[in-house]
Structures are given as structure tokens and as C-alpha cells.
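# Chains, contacts and geometry: an overview
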Amino acid sequence: MSEICTLMAYAIVIAAIAAFFILFMEKTGYRDKMIANSPKLISQMYDCDFCLSFWVAAVFSTGIVLGECNLIYVLIPFISAPITRRLL
């Protein structure tokens, strides 16, 4: 039970960090530059809030997976992406 609580806590924290990161990219104009200057697939990913929140959470949760050496934390992006989308 403790592992599930830790997973949910990490997911909420990662969702908040990902939302901050995405909003920061939006405010600085980096997101618009990536949409305009990238190939079609990457441009579509940057245009979709859900896709971008998943991949940002995946990048941030990689550190948790490597630090904790527990593969259950690979599920963090799947849990945190809908939370991040709600925060945006």
C-alpha cells in the first residue's frame, strides 16, 4: 500500500512540475517556435497539451525511476498526464 501512495505522490508532484514547465515554455515563446520550426510529428506533439504533458512527465520521471531503482515508477507519466492537462 505504501508503494501506491508513493507512486501517487510522485505523480502529483511530477504533474505540477510538468504544468509549470509547459506554461514556462508557452510564456517564453519556445513552444510556438517549436511548433513553427519542427517536422510535422514533433509540431503536432508540441501543439497537443496531453501529448506534451505525457512526454515532459516521462522525461522528469526518468530520474525517479533511476534514483529509486523501482520499475513501478514507470507508470508516473500515465497517471500524471491527465492531472497536468487539468492544471493547464
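Structure shown above.
One structure accompanies this document, and this report is about it. Everything quoted here is computed from the prediction, not taken from an experiment. (Residues numbered from 1 in each chain as written. Predicted model: local features only at pLDDT ≥ 70, side-chain atom pairs only at ≥ 80, totals over all residues. Heavy atoms only, no water.)

### Concerning unusual backbone geometry
What counts, and what does not: Here a strand is any run of E in DSSP of at least two residues, a helix any run of H or I of at least four, and the numbering for each starts at the N terminus. To sort residues, take the accessible area from a 1.4 Å probe on protein chains only and compare it with the maximum for the residue type: under 20% means buried, over 50% means exposed, and anything in between is partly exposed.
A positive phi angle, close to 55°, is found at Cys-69, a residue other than glycine. Counting through the fold element by element, Cys-69 comes out in the loop between α4 (49–68) and α5 (76–87). For Cys-69, a relative accessible area of 69% corresponds to the exposed category.

### Observations concerning the packing of α4 against α5
To be explicit about the condition: Between N-to-C directions, angles span 0 to 180 degrees; the directions come from axes that are lines fitted to C-alpha atoms, helices contributing only their stretch in contact. Every angle not falling under 35 degrees, over 145, or within 65 to 115 is termed oblique; those three ranges are roughly parallel, roughly antiparallel and roughly perpendicular. We call a crossing left-handed when the near helix sits turned anticlockwise from the far one by less than a right angle, and right-handed when that turn is clockwise. Any two residues having at least one pair of non-hydrogen atoms within 4.5 Å are treated as being in contact. When residue character is reported, Ala, Val, Leu, Ile, Met, Phe, Trp, Tyr, Cys and Pro are called nonpolar, Asp, Glu, Lys and Arg charged, and the others, Gly included, polar.
Where α4 contacts α5, the axes come no closer than 8 Å and their chain directions differ by 135°. The angle between α4 and α5 falls in the class oblique. In this structure, α4 crosses over α5, and the sense of that crossing is right-handed. Packed against α4, whose contacting residues are Asp-49, Phe-50, Ser-53, Phe-54, Ala-57, Ala-58, Ser-61 and Ile-64, the element α5 presents Ile-76, Pro-77, Phe-78, Ser-80, Ala-81, Pro-82, Thr-84 and Arg-85 at the interface. Here the contact of α4 with α5 is composed, by residue class, of 10 nonpolar, four polar and two charged.

### A look at the pattern of salt bridges
What counts, and what does not: Criterion for a salt bridge: a side-chain nitrogen of Lys or Arg within 4 Å of a carboxyl oxygen of Asp or Glu.
In this structure the tally under the stated criterion is two salt bridges. With its nearest N and O atoms 2.8 Å apart, the salt bridge here joins Arg-31 to Glu-26. Take Arg-31: its relative accessible area is 5%, and that puts it in the buried class. Asp-49 serves as the salt-bridge partner of Arg-31, at 2.7 Å between the closest nitrogen and oxygen. Taken as a pair, Arg-31 in helix α2 (residues 30–37) and Asp-49 in helix α4 lie far apart in primary sequence, 18 residues in all.

### Comments concerning the packing of aromatic side chains
What counts here: Pairing of aromatic side chains here covers Phe, Tyr and the six-membered ring of Trp, requires ring centres within 6.5 Å, and sorts the geometry by plane angle: under 30 degrees stacked, over 60 edge-to-face, intermediate tilted.
Here the structure, examined in full by the defined rule, presents five aromatic pairs. Both rings, one in Phe-21 and one in Phe-60, keep their centres 5.7 Å apart while their planes meet at 85°; by these two values the pair is edge-to-face. Within this pair, whereas Phe-21 is found in helix α1 (residues 2–28), its partner Phe-60 is found in helix α4, the two being separated by 39 residues in sequence. Note on Phe-21: relative accessible area 33%, which makes it partly exposed. Residue class for Phe-60 comes out partly exposed when judged on its relative accessible area of 31%. In textbook terms, an aromatic cluster arises when at least three aromatic residues are bridged by ring pairs, as seen for Phe-54, Trp-55 and Phe-78.

### Considering the side chain of Ser-53
Inclusion rule: Any pair of nitrogen or oxygen atoms within 3.5 Å is treated as a polar contact; in protein, a donor-acceptor pairing is required on top of that, and neighbouring residues in sequence qualify only through side-chain atoms on both sides.
Within the fold, Ser-53 resides in helix α4. Side-chain polar atoms of Ser-53 contact the backbone oxygen of Ala-81, separated by 3.5 Å. Setting aside residues no more than four positions away along its own chain, Ser-53 makes contact with Ile-22, Ala-81 and Thr-84.

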